[in-house]
Amino acid sequence: MNAHDAVPVSLAEIARIAGVGRAAVSNWRRRHDSFPARIGGTDVSPQFSLAEVEQWLRDNGKLGDIGGRELLWPRFEALGSRNESGLAIAEAARRMRSPKARIAHPELSAQARDLVAQAAKVGREEGPRETFEFLLQRWLETHVRQLSTTPPQLAALMARIALAVRLGRAQGGLTLLDPACGTGHLAAAAVQEYDGPGLKILACERDPALAALTVGRLEFLTEDHDIQTRITTADALRDDPFAGAKADIALCNPPFNERDWGYEDLATDQRWTHGLPPRTEPELAWVQDLLSHLKPGGAAVVVLPPAVASRKAGRRIRGSLLRTGALRAVVSLPPGSAQPRSVSLQLWILRAASDGLVAAPPIQDALLVDGTRFARSGTREPSPDWDGLGSFVLTAMATLDQTDQELPQGAVRVPLLDLLDDEVDVTPGRYTQATAEPTSKELAGKWDEFGSVLADLADHARRLSALDLEAGASQTTTTVGDLVKAGALTLRAGQQPLDSATTARGATVPLLTIVDLLHDGTPSAVVPTGSAPAIAEEGDVVVAGVARAFKAWVHEGPPMALGPQLYILQVDAEKLEAHFLAGCLCAPANGRQAGTHASSSSRVDIRRLQVLQLPREKQAVYAETFRRLRAFEKLLTTVDRSGKELVSDMSDRLAAGGLTT
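A quick note: this is a predicted structure, and the numbers were derived from the prediction, not measured.

Caption draft 1: Broad picture of the pairing of strand E7 (residues 247–252). In terms of burial, E7 is largely enclosed, as six of its six residues are buried. The sheet contact formed by strand E4 (residues 174–178) and E7 spans two bridges and is parallel. When the sheet's bridge partners are listed, Leu-177 is paired in E7 with Ala-250. Both E7 and strand E8 (residues 294–304) contribute to a ladder of five bridges, which runs parallel. Among the inter-strand pairings, Ala-250 is bridged to a residue of E8, identified as Ala-300.

The structure is reproduced here in structure tokens:
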């Protein structure tokens, strides 16, 4: 194979294949003359032949236990076309499940067909569903700028809302509709969340590659279940494939801001019972499409950009939706909930009138819920606190038809008379009340807690300052890599869970990611126990292998799964004390010396981290001091946060004239 025909891979891709950091690959390239020569790219971003790299890794014992999936992906990426690679992955899913099935996409090239056969073979050896999910996730990551997907956590929340607010019970099972299904995230979430008898899924997508991938995903999810699926490739607005069909619930994350949505062709369409959507309001066309397919009492949840709630062109339709009770609630999401991640998107909760309610009272208000406060601070990319957001929104939704129940803070019922003005603005933040001020008793309690924390901080400071630290003391050190070779500890790397794992039911464990660490260290998702290859048990040392989040600590509490760039060090208790090891590893000097530091997102080479060499009995003294130092650090954080809260509360009181003289 010449360089022109070779499948190119970058240094980052080689690192993923070998399960190491990019710095390790760069070291191999410098130290080994036998490392494959560059076949393309630039000096800064060189490319190498996949076949030559694979052979070199095998010859040098550096391929480890990495399966065939990592070696498959570069070949799919080399197909070049987004559509062809997507269709090839979907075709591979069919062949994994039915080896003798006839090809469903004859337009695939000979190269793509050969790759489908290779992928099907790997899938049968390593797990069909796991292989498909891996390839799908890599495809989505590669084409993230061209695609708009619904994060699994948001998809699960939408499914829970729809199931919670629909009226009545479906006879003979539940029917779900998604007229713009993408790669099937919402349908997959509904499969996971619905626990009743019989589920029928009606889904539509105009992009053939996305529709094919949805078919592949749902075929794996619905195996051995009483679930029927009908996935079609069509434009649901221009050519509704489900005309006349009715659904119990509908979920949708439609395309935004499309001007060419069929305004001229659909002017007399019967779906526009609330008015013809203006050319500039395609989102209101999707809203009415969903409503036209709901059974009496059925519910729909749709993701919309915030401008739809207030744009002048759509006020007449918004007014009609409110007056008829079709628009029951609006939820403002934190930035980062879905693409575009910089925008605070909204969920509109729609419900069709129920035939079963005789002389039902007219709708008097709408529920507006502001969840923007659940944005997670301290992260480079916007990221919601999914657990807090989900609990808050579902608590608010439980009051939708119970007007005598107390609403959670951040949710408010707004009378229709107040909404149906010249603007008909349904933006939640315009109506939700500000956080209530603490009472005098609560404020006094905060001061007492603050004083207690200060006393603990002073005690730790006194003990730590009394330590006799010899200046310039030198001791022999070793590395994590050497400790692994000596059997003093074992090293395991965290991994990205399957895309569908975050919505799975059954036994689960919390999932910690680098993004979580950059916020407050609280896991933001859960994964099935069986899909988490790296689980930290109590007493294990966990290390974050990214320069901007570098830290090490002893895990305490229940088992916890780790995401990419997090590592588990399980110590041999006869040779190492866990708190001593964590204290040595998290020293800032280790972070400075072990990272590549090309940028703040550089990986840290865990095996190069330095550890002090001490007898086991002396490690305990260091371990206790490291514990006290970490406790001192936590107290400093607590003092900072509590002090700022007190300053804020006192400033509000003083500015309102609350000082008594």
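On we go.
Caption draft 2: Up close: the environment of Glu-283. Along the chain, Glu-283 turns up in helix H11 (residues 282–292). For the pair Glu-283 and Glu-130, spaced 153 residues apart in sequence, the C-alpha to C-alpha distance is 35 Å. Leave out the neighbours within four places in its chain, and Glu-283 touches Phe-256, Asn-257, Leu-304, Pro-305, Val-308 and Arg-311. Of note is the side chain of Glu-283, whose polar atom sits 2.8 Å from the backbone nitrogen of Asn-257.

Caption draft 3: Just the nonpolar core, in detail. Ile-161, Ile-201, Leu-251, Leu-347, Ile-349 and Met-397 are the most contacted members of the largest nonpolar core, which has 49 residues in total. For this core, the leading source of residues is helix H8 (residues 152–165), giving eight residues. In this structure Leu-251 touches Met-158, Ala-159, Ala-162, Leu-176, Leu-177, Asp-178, Pro-179, Leu-186, Ala-190 and Val-301, once residues within four positions along its chain are discounted. Judged by nonpolar contacts, the second largest core, of 44 residues, contains Ala-180, Leu-291, Leu-321 and Val-426.

Caption draft 4: View of the side chain of Gln-339. Locating Gln-339 in the fold gives a position in the loop between strand E9 (327–332) and strand E10 (346–351). Apart from the residues within four sequence positions on either side, Gln-339 is in contact with Val-144, Leu-147, Ser-148, Thr-149, Phe-256 and Leu-345.

Caption draft 5: Broad picture of the pattern of salt bridges. Under the criterion given, the structure shown has 31 salt bridges. Measuring nitrogen to oxygen at the nearest pair gives 2.7 Å for the salt bridge that ties Arg-462 to Asp-459. In this pair, Arg-462 and Asp-459 are both assigned in helix H15 (residues 440–465), three residues apart and thus about one turn of the helix distant. A residue is classified by how much of its surface remains accessible, and Asp-459, at 26% relative accessible area, is partly exposed. Residues Glu-577 and Arg-627 are paired through a salt bridge, measuring 3.4 Å at the closest nitrogen-oxygen approach. Linking Glu-577 in the loop between strand E23 (566–571) and helix H18 (578–585) with Arg-627 in helix H20 (residues 616–655), this pair joins segments that are 50 residues apart in sequence. A single network of salt bridges, built from pairs that share partners, joins Arg-206, Asp-235, Arg-238, Glu-258, Asp-260 and Asp-265.

Caption draft 6: Geometry of unusual backbone geometry. The linkage connecting Gln-339 with the following residue, Pro-340, adopts the cis geometry, with an omega of -5 degrees. Along the chain, Pro-340 falls in the loop between E9 and E10. Despite not being glycine, Asn-257 shows a phi value in the positive range, around 55 degrees. Looking at where Asn-257 falls in the secondary structure, it is placed in the loop between E7 and H11. The phi angle at Gln-565 is positive, at roughly 70 degrees, despite the residue not being glycine. Looking at the element boundaries, Gln-565 is found in the loop between strand E22 (560–562) and E23.

Caption draft 7: Representation of the sheet that holds E22. Overall, mixed pairing links the four strands, which are arranged E18-E17-E22-E19 in an open sheet. The open sheet has two free edges, formed respectively by strand E18 (525–528) and strand E19 (535–536), since each of these has just one partner strand. Sheet topology note: the strand E17 (residues 508–512)/E18 ladder contains four bridges and is antiparallel. In the strand pairing of E18, Pro-510 is matched with Val-526.

Caption draft 8: Quick look at the pairing of strand E11 (residues 365–370). Judged by how many residues are buried, E11 sits mostly within the fold: six of six residues are covered. Alternating positions in E11 separate into two faces, Asp-365, Leu-367 and Val-369 on one and Ala-366, Leu-368 and Asp-370 on the other, with burial throughout. Across four bridges, E9 lies against E11 in parallel orientation. When the sheet's bridge partners are listed, Val-330 is paired in E11 with Leu-368. Taken together, the five bridges between E11 and strand E14 (residues 411–415) define a ladder with antiparallel strand orientation. Bridging from a neighbouring strand, Ala-366 pairs with Val-414 of E14.

Caption draft 9: Expanded view of the environment of Leu-416. Mapping Leu-416 onto the fold places it in helix H14 (residues 416–419). Leu-416 sits 220 residues away from Leu-636 along the chain, and the two C-alpha atoms are 49 Å apart. Once residues within four sequence positions are removed from consideration, Leu-416 is found in contact with Leu-322, Arg-323, Ile-363, Gln-364, Asp-365 and Ala-366.

Each value, and the rule that gives it
Residues numbered from 1 in each chain as written. Predicted model: local features only at pLDDT ≥ 70, side-chain atom pairs only at ≥ 80, totals over all residues. Heavy atoms only, no water. Buried < 20%, exposed > 50% of the residue type's maximum accessible area, 1.4 Å probe, protein only. Helix = DSSP H or I, 4+ residues; strand = E, 2+ residues; numbered from the N terminus. Pairing = 2+ DSSP bridges. Contact = heavy atoms within 4.5 Å. Polar contact = N/O pair within 3.5 Å; in protein donor to acceptor, adjacent residues only side chain to side chain. Core = buried A, V, L, I, M, F, W, Y, C linked by side-chain atoms within 4.5 Å. Salt bridge = Lys/Arg side-chain N within 4 Å of Asp/Glu carboxyl O.

The quantities given are spatial measurements derived from coordinates; they are silent on function.
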